[in-house]
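Architecture and fold: a report
Letter by letter, the chains look like this.
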Amino acid sequence: MGSRLRPSALGTYAVLFLIFLYGPVLLLPLFSVNDSIYITFPLKGFTFNWYQQMSQNDQMINALKASLKVAASVSVIATTLGFIAAKAVTRFALPGRALFVGFIMLPLIIPSLVLALALLVVLRKILGFELSLMTVAAGHVMLCVPFSMLILISRLEGFDRNLEEAAYDLGDSALKVLVRVTLPLVWPAIVSSLLLCFTASFDEYLIAAFLSGSDGTLPVFIFSQLRFPQNLPGVLALGSCILVGSVILVTLAEVVRRRGGPVKESGALVS
Amino acid sequence: MTAQDGFIYIKSVSKLFGSLRAVDDISFTIREGEFFSLLGPSGCGKTTLLRMLAGFEYPTEGEIYIDGQPMSGVAPNSRATNMVFQNYAIFPHLDVRQNIAYGLRNRQMTKAAIDDAVDKALHLIKMPSYGHRKPHQLSGGQRQRVALARALVCQPKVLLLDEPLGALDKKLREEMQLELRQLQQSVGITFVFVTHDQEEALTMSDRIAVMSKGRVLQIDTAQQLYEEPNCREVAGFIGSMNFIDGRLLSTSHGDHVVDAGPFGQLRVTAKEGQVLHGNVTIAVRPEKITLSETPFPSSQENVVKGRLAARAYLGDRNHYYVETVHNLVPMAVARQNMIREGQVDHLVGKDIWLSWSPTSAVLLNAASS
C-alpha cells in the first residue's frame, strides 16, 4: 500500500540525509583517537596522543585563544549594534527605512572575498592601520550585524508595542522601559544572536586571512597546518574538542532560553 | 460649561497624521469624577484623542489641560493619567503581583507599603489568591482585571480605558460593564472610556461624546442622546431610527407642521432653542410607533398607512417592517413580546396602520450635503 510505504521511504530518506549531514563530522572524533597520522581506514588502535600533542602545541593554543577573543568581542559588539539598529527600525517611523535596512543587510550579499579585499585596502592603505586581531574583529562585526539585526527585528516586531507603552505610562523612563520590559522580552533573541555571531566569527576564514597580521585566528592557522601531515591529528583532536564544546554551549543556551520564559502572546520564540 | 468647570479641558485640539486629520478641532471638557465615554465607529479619532490624553501622541494644534495644567511637552511617565490597553498589555514575564506593583516601584515607597497596596488591589479585583500566577495562566476577564488594578493602584487622577471590554465574550462583557461602573463610583476617579459599542457607552457613562470623522457630533447623557439626537448622524448611530424627509411648513401651538410629501402633513413637538431650516427630517424610534390592523380613529396623532412586509423575531421583542406608500425604505416598528402568543404572522402582506405622537418624534435639519 502506497500510504504505508510512504512513511518508511520518507524515514529512509531522513536517515540518509542525517548520515550525509553528520557522518563527516563524526569522523573527526573517531580519527582523533586513532593511532596513526594518516586519516585512512582501517583504524590502527586507540590513543590519546594527539590530544596531548594538541595541548603542547603553543601556536595552536594561541590561535585558539585569538579566535575565542575575537569571536567573543564580535558577538557582543555586533549584537549590541544589531539591537540598536533593530530597535530604531521597528520602533520609529524612520524616513528611508527600507534603504537603511538594505544597506545594513548588504554584507550578506556581497561576496566575502570582495568584502575582505575592500576592507584590506581601506584599513591598510587608506586609514593606515596595522593589521591585527582588532582589524579581524572589525571585519567580522560588519559581517555579523545583519544576522543579529534580522534575528532581533523579528523578535521586536513579534511583541506587543503596548507593553512598552504600558511601562512608560506606569512611570518608567525610556531607559527603565528598556531594562524592565524590552530586554527581558527580547532576551531569547539576544542569546541566539550572541551564539550565531560567535560561531560566524569563530569559523570565518576569508576576512580573517586577509585582515590578520602576525597572529592569525584558528581557521587561518589550521589551514596553514594542512601542509604538515604530522600536525593533522592534533588538529582533529582540537576539532573534536570544539565540537563537544559547541554542543554543550548550544544545549546550555537552549536551557537558559527555555527557563527565560516563553512569551506565549509574542509568537515565535526565536526567529 | 466653561473651562473652569472642566477637570480635563480639551481646547481646539487637532491631530494630523500626514495630511489626514485624525482629530479635527475638538473642544470640550470632562468633569472631575465623571465616567465619560468617547463613542464612534473605528477611525473616528476616539483612540487618537485618548492617546493624546495619555501623552503617547501630542496635539498638532490646540492644548489639553488636566487639572488646570497644560499637558504639551509632558511625557506619559510624568502625567497623572494611567491607561488600560485594549489587549491589556500585561507584562508576560512578570507574575500578577509584579504586574500590579510595576508602577509603584517607580515611587518612593517601602517594600511593605507596595505589598500592602498590591494586596488591597488584588482584593479590589476579587483575585486575592492569584498573586503568583503568570499572565498566560489567566483568562481574558482576569487579565482585564489585572490591567485595571495595575493602573488604579497608581491612584491616577484620570483613568483612560481603550475598549477594555472588546475582547471579552458577551456575557462576561455585561458583567464587567456593571463591575467597572461600580468600581468607578467607589474609587471616584475620572474615567475616560473609548468604545465603538453604543450599548456599552449607554449603560456605563455619565456623559458620552459621539464622534465621527475626527469631530464631536454631540456630548450628552445616554438618555439625551437617545431621545434627543441633535443630528441625523447621531440619530442613526445610536439605536435604530426611522427617517422621513420633508419641508417645515409652520409652527403652531408648540407643534411644527411638516409637509412630508406622500405622507401628508405630520406634526412634531417643537423643541426650545432649536434652529431649523426649510428642509427637515423627522426621526421616530421604532418602539415609539403603535401598530393597528384597523384605521385609527381621527386624532392628534400622526398616522401612516402601509403594508406589513416582514417580521423579525428577536426574543424579547418583534421588529415589524412596514412598506409605506411611495417609501422605498421600510419603516421599522418594535413591539415588546409581553405575552407568549400574540403573533401577527397572518398579517404579513396585509394593510396596516402606524401611529405616533408628536412628542415621540424629533425634528432634525436635513443633511446639508
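Only a predicted model underlies this, so the values are computations on that prediction, with no experimental measurement involved. (Residues numbered from 1 in each chain as written. Chains lettered and ligands numbered in written order. Predicted model: local features only at pLDDT ≥ 70, side-chain atom pairs only at ≥ 80, totals over all residues.)

1. Considering the overall build of chain A
Secondary structure assignment for chain A yields 11 helices and 0 strands. Going from the N terminus to the C terminus, chain A shows its helices and strands as α-α-α-α-α-α-α-α-α-α-α. Out of the 271 residues in chain A, the part that is buried amounts to 33%. (Helix = DSSP H or I, 4+ residues; strand = E, 2+ residues; numbered from the N terminus. Buried ≥ 20, exposed ≤ 12 C-beta atoms within 10 Å, placed from the backbone.)

2. Considering the overall build of chain B
Secondary structure summary: chain B contains 8 helices and 20 strands in total. Reported as C-alpha extents along the three principal axes, the dimensions of chain B are approximately 80 × 50 × 35 Å. Residue burial in chain B is summarised as follows: out of 369 residues, 39% are buried. The contacts of chain B with a sequence gap of at least 6 include a subset with a gap of at least 24, amounting to 63%. (Contact = placed C-beta atoms within 7 Å.)

3. Concerning the pairing of strand E19 (residues 351–356) of chain B
Residue and element names in this part refer to chain B. Of the two faces of E19, only the one carrying Ile352, Leu354 and Trp356 is buried; Asp351, Trp353 and Ser355 on the other face are not. By the bridge criterion, 3 bridges tie strand E15 (residues 290–292) to E19 in an arrangement that is antiparallel. Directly across from Ser292, in E19, lies its bridge partner Trp353. Of the strand pairs in this sheet, strand E16 (residues 302–313) and E19 are connected by 6 bridges, and their pairing is antiparallel. Within E19, the residue paired with Gly306 across the bridge is Ile352. (Pairing = 2+ DSSP bridges.)

4. Some thoughts on the packing of helix H3 (residues 58–91) of chain A against helix H6 (residues 133–158) of chain A
Residues and elements named next belong to chain A. Between H3 and H6, the least distance of the axes is 6 Å, while the angle of their chain directions is 40°. Overall, the two elements H3 and H6 adopt an arrangement that is oblique. Note on packing geometry: the crossing formed by H3 with H6 is right-handed. Of the residues in the contact of H3 with H6, the class split is 20 nonpolar, 6 polar and 3 charged. (Axes fitted to C-alpha atoms, helices over the stretch in contact; angles between N-to-C directions. Parallel < 35°, antiparallel > 145°, perpendicular 65-115°, else oblique. Left-handed = near helix turned anticlockwise from the far one by under 90°. Nonpolar A, V, L, I, M, F, W, Y, C, P; charged D, E, K, R; others polar.)

5. A short note on the sheet that holds strand E11 (residues 242–252) of chain B
All names here are of chain B. Strand order across the open sheet formed by 5 strands is E13-E12-E11-E14-E20, with antiparallel pairing between neighbours. Here the strands that pair on one side only, and so sit at the sheet edges, are strand E13 (265–269) and strand E20 (362–365). With strand direction ignored, the average angle separating the axes of adjacent strands in the sheet is 45°. Where E11 lies against strand E14 (residues 279–284), 6 bridges are found, and the strand directions are antiparallel. Directly across from Arg247, in E14, lies its bridge partner Asn279.

6. Observations regarding the nonpolar core
The biggest cluster of nonpolar side chains holds 157 residues, and the ones touching the most others in it are Val192 and Ile282 of chain B. Of the residues forming this core, the biggest block, 14 residues, is contributed by H6 of chain A. The residues that make up this core include at least three from each of domain 1 (3–232) and domain 2 (240–365) of chain B. Other than its neighbours up to four places away in sequence, Val192 of chain B contacts Ile30, Phe36, Leu38, Leu50, Leu53, Val158 and Leu160 of chain B. (Core = buried A, V, L, I, M, F, W, Y, C linked by C-beta atoms within 7 Å. Domains from an automatic or database assignment.)

7. Concerning the domain arrangement of chain B
Residues and elements named next belong to chain B. Domain boundaries assigned for chain B yield domain 1 (3–232) and domain 2 (240–365). Each of domain 1 and domain 2 has a C-alpha centre, and these two points are 39 Å apart. Every contact between the two is made by 4 residues of domain 1 and, on the other side, 5 residues of domain 2. Per-class residue counts for the side of domain 1 that touches domain 2 are 2 nonpolar, no polar and 2 charged.

8. What about unusual backbone geometry?
One non-glycine residue with positive phi stands out, namely Ser12 of chain B, at about 45°. When you line up the elements, Ser12 of chain B lands in strand E1 (residues 8–17).

9. Description of the pairing of strand E17 (residues 317–324) of chain B
Residues and elements named next belong to chain B. Where E16 lies against E17, 7 bridges are found, and the strand directions are antiparallel. Along E17, the bridge assignment pairs Ala310 with Tyr321. Count of turn residues in the E16/E17 antiparallel hairpin: 3 residues, of which Gly315 carries a positive phi of about 90°. Pairing of E17 with strand E18 (residues 331–336) involves 6 bridges; the strand directions are antiparallel. Bridging across to E18, Tyr320 finds its partner in Val333.

10. Here we look at helix H7 (residues 161–169) of chain A
Of all 9 residues making up H7 of chain A, 7 are buried, and the element is well covered by its neighbours. Turning to H7 of chain A, its buried residues are Leu163, Glu164, Glu165, Ala166, Ala167, Tyr168 and Asp169 of chain A. Where H7 of chain A is buried, its residues meet helix H8 (174–202) of chain A together with helix H1 (46–54) and strand E6 (81–84) of chain B. Backbone geometry just after H7 of chain A places Gly171 of chain A at a positive phi near 105°.

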